[in-house]
Amino acid sequence: MKHIIKLEEAAMFGFSIYLFSLTNFDWWWYLVLILTPDIGMIGYALNTKTGALTYNLFHHKGLAIMVLCLGWLFSNSWLELSGIILFGHASLDRIFGYGLKYPDHFKHTHLGWLPRSKAES
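A brief structural summary. (Residues numbered from 1 in each chain as written. Predicted model: local features only at pLDDT ≥ 70, side-chain atom pairs only at ≥ 80, totals over all residues. Heavy atoms only, no water.)

Helix and strand counts for the protein come out as five helices and two strands. Along the protein, helices and strands appear, N-terminal first, in the series α-α-α-α-α-β-β. For 121 residues, the compact-globule estimate of 2.2 N^0.38 gives 14 Å, and the protein sits close to it at 15 Å. Its C-alpha atoms put the protein at 50 × 35 × 25 Å along the principal axes. Sequence-distant contacts in the protein: of pairs separated by 6 or more residues, those separated by 24 or more amount to 50%. (Helix = DSSP H or I, 4+ residues; strand = E, 2+ residues; numbered from the N terminus. Rg over C-alpha atoms; globule rule 2.2 N^0.38 Å. Contact = heavy atoms within 4.5 Å.)

Structure follows, in structure tokens:
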């Protein structure tokens, strides 16, 4: 099942690249901005509950699609770009197993527990 999910997420990541190609932005914008949604991890500096909330806000595909649609509705290219980046980033993260976070631990995601690093063992 994990391989099917990764394949599906790869298709969605590809779709975000296609959507970006429909914009008037230069390609370097996509490359520079694709990791910016990880700013949502800053909430973990306070505690895991706040961290999960802020992380999930920046990694929720429904919110990304809503931002993209608002960009289309209001003909706002920056909102469109934001929605595309949020959507693409969330898909990219999920390819690598990073899902939406539960408030108890950073490594507890809706896709399961992330593997422990050797340093944590």
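With that settled, consider the nonpolar core. Counting 13 residues, the largest nonpolar core has Phe13, Phe20, Tyr30, Leu81 and Ile84 as the members making the most contacts within it. Those elements that provide at least two residues to this core are helix 1 (2-21), helix 2 (27-33) and helix 5 (77-95). Considering every element that reaches this core, the biggest residue donor is helix 5, with five residues. (Core = buried A, V, L, I, M, F, W, Y, C linked by side-chain atoms within 4.5 Å. Buried < 20%, exposed > 50% of the residue type's maximum accessible area, 1.4 Å probe, protein only.)

Position of Lys61 relative to the elements: it lies in helix 4 (residues 61-73). Relative accessible area serves as the criterion here: at 11%, Lys61 is assigned to the buried category. Of note is the side chain of Lys61, whose polar atom sits 2.3 Å from the side chain of Glu9. Once residues within four sequence positions are removed from consideration, Lys61 is found in contact with Glu9, Met12, Phe87, Ala90, Ser91 and Arg94. (Polar contact = N/O pair within 3.5 Å; in protein donor to acceptor, adjacent residues only side chain to side chain.)

As a further point, take the environment of Thr54. Its location among the elements puts Thr54 in helix 3 (residues 48-58). With relative accessibility at 21%, the residue Thr54 sits in the partly exposed group. Along the sequence, Thr54 and Ile39 sit 15 residues apart, while their C-alpha atoms lie 8.6 Å from each other. Those residues in contact with Thr54 that sit more than four places away from it in its chain are Gly40 and Gly43.

Looking now at helix 4. When the terminal C-alpha atoms of helix 4 are compared, their 18 Å separation across 13 residues agrees well with the 18 Å that a helix rising 1.5 Å per residue should span. Of all the positions in helix 4, only Lys61, Ala64, Val67, Leu68 and Gly71 are classed as buried. All buried residues of helix 4 fall inside an arc of 120° around its axis, so they share one side. Contacts from the buried residues of helix 4 go to helix 1 and helix 5. Positioned one or two residues after helix 4, Ser75 has a phi angle of 50°, which is positive. (Expected span 1.5 Å × (residues − 1). Arc of directions from axis to C-beta.)

Before going further, it helps to examine the packing of helix 1 against helix 5. Contact geometry for helix 1 and helix 5: axes closest at 8 Å, N-to-C directions at 155°. Considering their axes alone, helix 1 and helix 5 lie roughly antiparallel with respect to each other. As helix 1 packs across helix 5, the resulting crossing turns out to be left-handed. Seen from helix 1, the contacting residues are Lys6, Glu9, Ala10, Met12, Phe13, Phe15, Ser16, Leu19 and Phe20; seen from helix 5, they are Leu81, Ile84, Phe87, Gly88, Ser91, Leu92, Arg94 and Ile95. Of the residues assigned to the contact of helix 1 with helix 5, the class counts are eleven nonpolar, three polar and three charged. (Axes fitted to C-alpha atoms, helices over the stretch in contact; angles between N-to-C directions. Parallel < 35°, antiparallel > 145°, perpendicular 65-115°, else oblique. Left-handed = near helix turned anticlockwise from the far one by under 90°. Nonpolar A, V, L, I, M, F, W, Y, C, P; charged D, E, K, R; others polar.)

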